Number of protein chains: 2
Amino acid sequence: MSYSDLSRRLPFLKWAKRYDKTTFVADSIAAMVITIMLIPQSLAYALLAGLPPQMGLYASLLPLLAYALLGASGPLSVGPFAITSIMTATALAATFPEPFTSQQVVGAVVLAFMSGMFLLVFGFFRLGFLTNFISFPVVTGFISASAIVIASSQLGNLLGIEVDNASFFNVIASTVKLVDQTHLATLLLGLCSITFLFIMPKIIRALVLRFSSSEFVADSLSKTAPILAMLGSILVVVLLDLEHQGVALLGQIPQGLPAIQLPDLNQMEWSQATWKSLLSSALLISIIGFVSSLSAAQAFATKQRQRINPDQEAISLGVANLSAGLSGAFPVAASLSRSAVSFNAGAKTPATSAFTAVGMAISCLFLTPYLYYLPIVTLASMIFLAVLSLFDFKAMQRTWAFNRKDFSALLLTMLLTLLNGVEWGLVSGVLLSIALHLYRSSHPHVAVLGRVPETEHFRNIERHEVITDPEIISFRIDESLYFANARFLEDRVNELVASNPKANHLILMCSAINDIDASALESLFEINQYLKDADMTFHLSEVKGPVLDRIKRSDFLQQLTGNLYLSHYSAWRDLTSQPLYD
Amino acid sequence: MSYSDLSRRLPFLKWAKRYDKTTFVADSIAAMVITIMLIPQSLAYALLAGLPPQMGLYASLLPLLAYALLGASGPLSVGPFAITSIMTATALAATFPEPFTSQQVVGAVVLAFMSGMFLLVFGFFRLGFLTNFISFPVVTGFISASAIVIASSQLGNLLGIEVDNASFFNVIASTVKLVDQTHLATLLLGLCSITFLFIMPKIIRALVLRFSSSEFVADSLSKTAPILAMLGSILVVVLLDLEHQGVALLGQIPQGLPAIQLPDLNQMEWSQATWKSLLSSALLISIIGFVSSLSAAQAFATKQRQRINPDQEAISLGVANLSAGLSGAFPVAASLSRSAVSFNAGAKTPATSAFTAVGMAISCLFLTPYLYYLPIVTLASMIFLAVLSLFDFKAMQRTWAFNRKDFSALLLTMLLTLLNGVEWGLVSGVLLSIALHLYRSSHPHVAVLGRVPETEHFRNIERHEVITDPEIISFRIDESLYFANARFLEDRVNELVASNPKANHLILMCSAINDIDASALESLFEINQYLKDADMTFHLSEVKGPVLDRIKRSDFLQQLTGNLYLSHYSAWRDLTSQPLYD
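Let us look at the structure shown here. (Residues numbered from 1 in each chain as written. Chains lettered and ligands numbered in written order. Predicted model: local features only at pLDDT ≥ 70, side-chain atom pairs only at ≥ 80, totals over all residues. Heavy atoms only, no water.)

Here the focus is the overall build of chain A. From N to C terminus, chain A includes 26 helices and eight strands. When each of the 582 residues of chain A is scored for burial, the buried share is 57%. A separation of at least 24 residues holds for 80% of the contacts in chain A among residues at least 6 apart in sequence. Approximately 24400 Å² of chain A is accessible, and the part contributed by carbon and sulfur atoms is 63%. Averaged over its 36 positive side-chain charges, chain A has a centre that lies 9 Å from the centre of its 40 negative ones. (Helix = DSSP H or I, 4+ residues; strand = E, 2+ residues; numbered from the N terminus. Buried < 20%, exposed > 50% of the residue type's maximum accessible area, 1.4 Å probe, protein only. Contact = heavy atoms within 4.5 Å. Areas by Shrake-Rupley, 256 points an atom, 1.4 Å probe, with all protein chains shown as cover. Lys, Arg positive; Asp, Glu negative; His and termini not counted. Charge placed at Lys NZ, Arg CZ, Asp CG, Glu CD.)

Enumeration over the complete set of coordinates arrives at twelve cavities of 30 Å³ or more. Around the largest cavity sit 13 residues that line it, and H437(A), E479(A), S480(B), Y482(B) and D515(B) are the ones nearest its centre. Secondary-structure elements contributing two or more residues to the lining of the largest cavity are α21 (422-442) of chain A together with α21 (422-442) of chain B. The leading source of residues in the lining of the largest cavity is α21(A), at three residues. For the second largest cavity, the calculated volume is near 90 Å³. Lining the second largest cavity are S480(A), L481(A), Y482(A), D515(A), I516(A), D517(A), H437(B), R440(B), S441(B) and E479(B). Across the lining of the second largest cavity, the residue classes tally to three nonpolar, three polar and four charged. (1 Å grid on protein atoms, 1.4 Å probe; cavity = no way out; pocket = protein on both sides within 12 Å on 5 of 7 lines; lining within 4 Å. Points joined across faces, edges and corners; volume = space filled by probe spheres on them. Nonpolar A, V, L, I, M, F, W, Y, C, P; charged D, E, K, R; others polar.)

Now for the packing of helix α23 (residues 518-533) of chain A against helix α19 (residues 393-402) of chain B. Look at α23(A) against α19(B): their axes get within 10 Å of each other, and the N-to-C directions meet at 120°. Here α23(A) is positioned oblique relative to α19(B), judged by the angle of their axes. For the element pair α23(A) and α19(B), the recorded crossing hand is right-handed. For the pair α23(A) and α19(B), contact is made by A518(A), L521(A), E522(A) and F525(A) and by R398(B), T399(B) and F402(B), respectively. (Axes fitted to C-alpha atoms, helices over the stretch in contact; angles between N-to-C directions. Parallel < 35°, antiparallel > 145°, perpendicular 65-115°, else oblique. Left-handed = near helix turned anticlockwise from the far one by under 90°.)

This part covers the relation of the copies chain B and chain A. For the pair of chain copies, the relating operation is a rotation around an axis with a shift along it. For these two chains of identical sequence, chain B goes onto chain A by a turn of 180° and a shift of 0.0 Å along the axis, with RMSD 0.1 Å. A rotation of that kind, with that shift, is consistent with a two-fold axis. Distance from the rotation axis, computed per C-alpha, reaches its smallest value in chain B at A512(B): 3.0 Å. Same-surface contact between copies: 100% of interface residues of chain B are shared with the interface of chain A. (Least-squares fit on C-alpha atoms with pLDDT ≥ 70 in both.)

Moving on: the interface of chain B and chain A. One frequently used descriptor of interface size is the decrease in accessible area upon assembly of the parts. Opposite the 68 residues of chain B that make contact, chain A presents 70 residues. Summing the contributions of chain B and of chain A, the shared interface buries around 6600 Å²; its carbon and sulfur component is 56%. On inspection of chain B and its partner chain A, the count reaches two salt bridges. Residues R398(A) and E522(B) are paired through a salt bridge, measuring 2.7 Å at the closest nitrogen-oxygen approach. (Buried area = accessible area lost by both parts, 1.4 Å probe. Salt bridge = Lys/Arg side-chain N within 4 Å of Asp/Glu carboxyl O.)

Residue and element names in this part refer to chain A. With respect to the element layout, Q154 can be found in the loop between α8 (136-153) and α9 (155-159). The spacing of Q154 and A380 is 226 residues in sequence and 5.6 Å in space, taken between C-alpha atoms. Excluding anything up to four places from it in sequence, Q154 contacts L47, L48, A380, I383 and F384. Polar side-chain contacts of Q154 include one of 3.1 Å to the side chain of S153. (Polar contact = N/O pair within 3.5 Å; in protein donor to acceptor, adjacent residues only side chain to side chain.)

Residue and element names in this part refer to chain B. The six strands are arranged β4-β3-β5-β6-β7-β8 in an open sheet whose pairing can be described as mixed. Lying at the two open borders of the sheet, with one neighbouring strand each, are β4 (458-460) and β8 (564-565). Here strand β6 (residues 505-509) pairs with strand β7 (residues 537-541) via five bridges, running parallel. Looking across to β7, one finds that M509 is bridged to S541. Packed onto the sheet, helix α22 (residues 483-499) meets β3 (446-451), β5 (472-477) and β6 and runs at close to 155° relative to β5. Each of β6 and β7 touches helix α23 (residues 518-533); the most contacted strand, β7, lies at about 140° to it. (Pairing = 2+ DSSP bridges.)

It is worth spelling out the packing of aromatic side chains at this point. Enumeration over the complete set of coordinates arrives at 28 aromatic pairs over all chains. Where F133(A) meets F483(B), the ring centres are 6.2 Å apart and the plane angle is 80°; that geometry is what we call edge-to-face. Residue F133(A) is found in the loop between α7 (102-124) and α8, and its partner F483(B) is found in helix α22; the two belong to separate chains. Side by side, F133(A) and F483(B) carry an identical accessibility label, which is buried. Taken together, the aromatic side chains of F12(A), W15(A) and Y19(A) make up a single cluster linked through ring pairs. (Phe/Tyr/Trp six-rings, centres within 6.5 Å; stacked < 30°, edge-to-face > 60°.)

Bringing the side chain of D491(B) into the picture now. Structurally, D491(B) can be placed in helix α22. The exposure class of D491(B) is buried, given its relative accessible area of 15%. When sequence neighbours within four positions are dropped, the list of residues in contact with D491(B) reads Q298(A), R307(A) and P310(A).

Okay, the pairing of strand β6 (residues 505-509) of chain A next. Residues and elements named next belong to chain A. Counting buried positions over the five residues of β6 gives five, a clear majority of the element. The side-chain alternation of β6 yields two buried faces, one formed by H505, I507 and M509 and the other by L506 and L508. The sheet contact formed by strand β5 (residues 472-477) and β6 spans five bridges and is parallel. When the bridges of β6 are listed, R476 appears paired with M509. In this view, the connection linking β5 to its parallel neighbour β6 by way of helix α22 (residues 483-499) has right-handed handedness. You can see the chain leave β6, run along α23 and come back into strand β7 (residues 537-541), and the turn it takes is right-handed. (Right-handed = clockwise from strand over helix to strand, strands pointing away.)

Residue and element names in this part refer to chain B. For helix α13 (residues 225-240), built from 16 residues, the straight-helix expectation of 22 Å at 1.5 Å per residue is met to within 8% by its first-to-last C-alpha distance of 22 Å. Among the residues of α13, those classed as buried are A225, I227, A229, M230, S233, I234 and V237. Residues of α13 that are buried sit in contact with α3 (21-48), α11 (184-211), α12 (215-222) and α18 (376-388). Directly beyond the C-terminal end of α13, a positive phi value near 50° is found at D241. (Expected span 1.5 Å × (residues − 1).)

To continue, consider the pairing of β7(B). Residue and element names in this part refer to chain B. Counting buried residues along β7, four of its five residues qualify, which places the element largely inside the surrounding structure. Pairing of β7 with β8 involves two bridges; the strand directions are parallel. Paired with S541 across the strands is Y565, a residue of β8.

Scanning the entire structure with this criterion turns up 14 salt bridges over all chains. Here R205(B) ties to E215(B) by a salt bridge, and the two come within 3.2 Å at their closest N and O atoms. Of this pair, R205(B) sits in helix α11 while E215(B) sits in helix α12, and the two are ten residues apart along the sequence. R205(B) gets classed as partly exposed once you look at its relative accessible area, which sits at 25%. E495(B) is paired through a salt bridge with R492(B); the nearest N and O atoms lie 3.3 Å apart. With E495(B) and R492(B) both in helix α22 and three residues apart, this pair spans about one turn of that helix. Overlapping salt bridges, with partners in common, bring together R205(A), E215(A) and D219(A) in one network.

Structure (C-alpha cells):
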C-alpha cells in the first residue's frame with residue numbers, strides 16, 4: 001500500500017502533519033460546544049431508542065474516536081442521531097415485543113454491529129451510489145413522517161402516562177384513551193421545559209449581543225440552553241421533592257466508562273426470524289445513517305473546498321458503528337444539526353470529534369451521579385423541539401409546485417411511514433421513485449420538426465411557424481434510447497408513416513440522445529427494415545460521438561437505407577425537392 | 001360512443017365497408033395456406049403444452065373468429081403458439097404435479113381465461129407500455145432458452161421413452177438414464193420425419209419453380225411439407241402396423257366442434273396456492289403473448305403503412321383468449337412465423353382469420369377420425385424443427401459485440417430460464433435490465449470543457465486541444481438529471497471545485513439535459529449554496545425549453561448566484577478575463 005493510499009484510508013495522516021496551535025484551539029472550542037450539546041442529546045436519543053440512558057453516553061465515546069481516526073470531515077458530528085434512534089426503537093419493538101429487557105439492549109448492540117458491517121461493505125465495494133436511489137422527495141417524506149412518529153412517541157413521557165408505542169396509531173389511540181390519567185406535575189414540568197428550550201436560546205443570544213459584538217459567542221452560548229434546562233429541572237426536582245410526587249426520573253446510571261466486549265449471544269437463543277428482522281432493520285439504518293452523514297459531510301466540505309470521498313465516509317461510519325457495538329451502544333450516524341453547530345463553532349479537523357469524546361468520557365466518569373434526578377419529561381421536551389425542525393413543510397410545498405409525480409412519491413413515503421412503519425415507507429418510496437422515473441423516460445417528448453424560414457434551424461411544428469415538406473418526415477426524440485422507450489419510438493414512427501402517406505424519407509434528429517442500448521439499436525434496425533419495405537429511406541442526423549461509437553459496433557450503418565448527417569439542415573437540403581431560398 | 005370510437009374498438013367496421021372480391025380471393029388463398037399449416041401445428045403445440053390434441057384444434061377456432069372481429073392486422077395469425085404452449089406446460093406441471101389429469105385440462109382452460117382478463121386490463125388501462133420493460137436482450141435470452149427447453153421436452157417423444165419433464169435438467173438427466181430403453185421404430189420414424197421436414201420444402205420449391213415462375217406458388221406449396229409428413233407417417237403406421245410395434249399414436253380424438261361452456265371449478269377444489277400459481281403464470285403468458293403478437297402486428301402494419309393501436313391489440317388478444325377458455329382451449333397468441341406466411345400468401349384483412357377458423361372447423365368435423373394413426377413422434381419432429389429457428393445465435397453475437405452489459409442481461413435470462421424455469425428467467429432478466437439502466441444513467445458521462453481556439457465551440461479538455469481559464473470551471477453532463485445521478489453531480493462539482501482552487505465561476509452546460517426531477521433541482525439548489533459559501537458563482541448555459549419551464553416552477557433562478565446563458569460561449573465571454581481574439 002503506497003503512502004497516498006494509506007493517507008486516503010487514514011485521513012488523519014494528512015491533517016495531523018500540519019496540525020498546529022491555532023487548529024488545536026479552534027477544534028477545542030468546537031469540541032466544548034458540542035460536548036455541552038451532546039450530554040443532553042445522548043440521554044434524550046437513548047430514551048427515544050427505548051434504551052437505558054448510559055447507552056446514549058456510550059454512543060458518544062468510542063464512535064467519535066473512530067471517526068476522528070478514519071473520517072475526513074472536521075465539523076461532522078458522529079454520535080446518537082434522532083432518525084436512526086427512532087429506527088432502532090422501531091426495529092427493537094418489532095423484533096422483541098417485550099420492552100426494556102436485556103434482549104432489547106443486546107439487540108441494539110447487535111444492530112450497531114450489523115450496521116457497521118453493512119457500511120463497510122458499502123465502502124469497500126463502492127456501493128455508496130446505491131443510496132442515490134433514495135430520491136429527495138422520498139427523503140423529505142421519510143424524515144417528515146419520522147418527525148411525526150418521534151414527536152408522538154414522546155406524548156406518553158410528556159403526559160406522564162404509559163402509552164403503547166408499537167406504532168404511530170397505537171400511540172395516538174392509547175394516548176386518547178389514557179389522557180384523563182395525565183400526571184399534572186409531569187405535564188407542567190414538560191410545558192415549562194418546552195417554553196424554556198424554545199425561548200431561552202433567543203434570550204441568551206440577545207443578552208450576549210448587548211454586551212459583546214461576537215455572533216459566534218452569542219450562538220455558542222445559546223446552545224447551552226438544553227444543559228441549562230437539565231440543571232434547572234434537576235434543581236426543581238430536588239427542591240420540590242418531585243421524585244415522591246411521581247415524576248419519572250432518569251434514575252441510577254452506571255458510573256464510569258463502558259466495558260469493551262462482544263455481546264453474549266449464546267444467552268439470547270434467538271430464532272432465525274429474529275436475526276432476519278435485525279438484519280433488514282440494520283440495512284435500512286445504515287443506509288439512512290449513511291445518506292444523512294454524507295450529505296452533511298459534503299455540505300461542509302464544499303464550503304471549505306475540500307473533497308469528500310463517499311466510500312471512505314462509509315468506511316469511517318462503519319468502523320464508528322462497530323466500535324459503538326463493541327462499547328455497548330446503539331447505531332450512530334452524523335447529525336446535520338450538530339455538525340452545523342460544530343462548523344459554526346470553528347471545527348477544523350476530525351480532532352474535534354476526539355476532543356468531544358474526551359469531554360463525554362469525563363461526563364461518564366463524574367457527571368452520572370447527578371443525573372439521577374433528571375426528569376425524563378425534560379428529555380422528552382428536548383426531543384419534541386428537536387424534531388419540529390425535521391418536519392420540512394417548505395420542501396413539500398416546493399415539490400408540489402415543481403412536479404406532481406415527485407410529490408406523489410413524497411406523499412406515499414410519508415403515509416406508509418406513518419401507517420406501516422419506517423421500513424415500509426422507505427422501501428415503497430424508493431420503488432415508486434424508480435417506477436415514476438421509468439414511466440417518465442419511457443414516454444419521452446417527441447417533436448415533429450419543420451424548418452424555420454430563412455434559417456438552418458428546425459423546430460417543433462406545433463410550437464413554431466415552420467416549413468414542412470410532405471415527402472420528408474423529420475422528428476426529434478428528447479431522451480436517450482433504451483428498452484423502455486424503444487418500442488415507443490417504433491410506435492411513433494409507425495404512426496408518422498401512416499399519417500404521412502406521401503413521405504419518402506424519415507430523418508431522426510439524434511441531438512438529445514445521450515446513450516443507446518441493445519433494445520433501442522434493435523428498434524432502429526426494425527424501423528430501417530419497415531421503412532425499406534414501405535419504400536422509404538431512413539436517415540439519422542446530429543448523432544453524438546459516444547452514441548455513434550456504440551452504433552458502429554453493429555452493422556447498422558451498413559444496413560441503413562439512408563445516410564448519417566452531421567446537421568439536420570444538411571439532411572434536409574439533401575433530401576428536399578423544395579427550393580431552399582438561400 | 002361515436003362512430004369513430006366504435007370503429008376503433010371494432011376495426012372490422014372499417015375494413016368490411018370496402019371489402020370486395022379481390023380482397024376476398026386474397027384472404028381465402030391465405031386462409032387455405034394457413035389452415036394447412038395450422039392442422040399439424042395445433043396438434044403439435046397441444047402435445048407441447050402436455051394437453052389432449054383436440055385442445056390444439058379448439059385453440060384454432062373461436063380465438064381466430066374473435067381476432068377477426070376485433071383485431072386490426074390482416075396477416076396476424078392468432079392461435080396456438082410455441083412459447084406460450086411451453087409456458088402453459090410449465091405452469092401446469094408446477095401447479096398440478098400429476099400429469100394428464102382433468103385438473104391439467106381445466107387448469108389450461110383457466111389459464112386462457114386469466115390471460116384474457118390480464119390482456120383486457122392491459123388494453124383498457126393502457127398498460128401495454130409495461131411490456132416495453134422486457135428489453136430486447138431479455139426477449140432474446142428468454143426465447144432462445146425456451147427453444148432449448150422446448151426441443152429438450154420432445155426428446156422423450158423422439159426416443160419413445162417416458163422422461164421426467166419437470167425441468168430442463170430433469171429431462172436431460174432422465175433421458176441419459178433411460179437412453180438404453182430407446183424404442184427403435186419410434187426413433188427411426190422420428191429421424192425420417194425430421195429429414196423429410198427439413199429437405200421436402202426445398203425440393204417442393206425447386207420442383208415448382210421448374211414448372212412455374214411464381215415464387216408465391218412455390219412458397220405456398222412448400223408449406224404443405226408438414227401436412228404431407230402427417231399423411232405419410234399415418235400411411236407408414238397403417239401399412240407397417242406400427243401400432244402393435246409400440247409406436248405411440250395420437251389415438252382417439254373427439255369428433256366435432258367444442259362445447260361452449262365454463263369449466264366446472266367446484267369439482268376441482270383448488271387451494272389458494274393453486275390459484276396464485278395459475279394467476280402468476282397467466283400474467284407472464286399474457287405478457288409474452290402480447291409482446292410477440294404486437295411486434296408481429298407492427299412489423300406487417302408498417303410494411304402496409306397501417307397504424308396498429310397497441311391497446312386495441314391487447315383487447316382483441318384478450319377476447320381471443322377468453323374465447324379460447326370458453327371453448328375448452330389453452331392460451332393463444334399470434335405466431336410470428338405463421339403470420340409471415342400469411343403476409344406472403346397475400347392476407348389483406350382479418351377476414352383471413354375467420355376463413356382459417358372455418359377451415360379448422362371442417363377439419364374438426366371430418367378429419368379427426370383419420371388422425372388416430374398419427375404417430376406422436378411426427379409431431380415431436382415438427383416441434384423440434386420449428387424451434388430451431390427460435391434459437392437466435394446471431395442476436396446473441398450482435399448483443400455481445402454491442403454492449404457487454406446488455407449481453408449480461410441476455411445471459412442471465414437464458415441461464416435462469418434453463419435452471420429455474422421460464423418465469424424466473426423472465427422476471428430476473430427484467431429486473432437486471434432495469435438495474436443496469438439505472439446504474440448506467442446514475443453514472444453519466446461528464447466532460448470538463450475548454451474552448452476550441454478561434455471558435456465559439458467548447459469540447460472535452462481530455463479529447464481536444466482547447467483553451468481553459470483557471471478562473472472558470474466549465475463542464476457538461478450527458479444525461480437527464482434525476483435522483484439517481486443528482487448526488488453524482490454534486491460529487492463531481494465538489495471534486496472540480498476542490499481541484500481548481502483558483503476558480504471563481506462554474507458554468508454547467510445543460511444542452512444534454514432533457515428532463516429534471518425534484519431531487520436534481522434540490523441538488524442544483526445545494527450546489528448553488530455550496531458555491532456561494534465558497535465565494536463562487538454558478539451559471540447555467542444552453543438550458544432546453546422544457547427543462548427551463550420546469551425550473552421556473554421553483555425559485556431557483558431567483559436564488560442563482562450567476563446567470564442563465566443561451567449559449568456556452570456567451571457565458572464564457574461574459575466571465576473570462578482572458579482576451580478572446582475575436
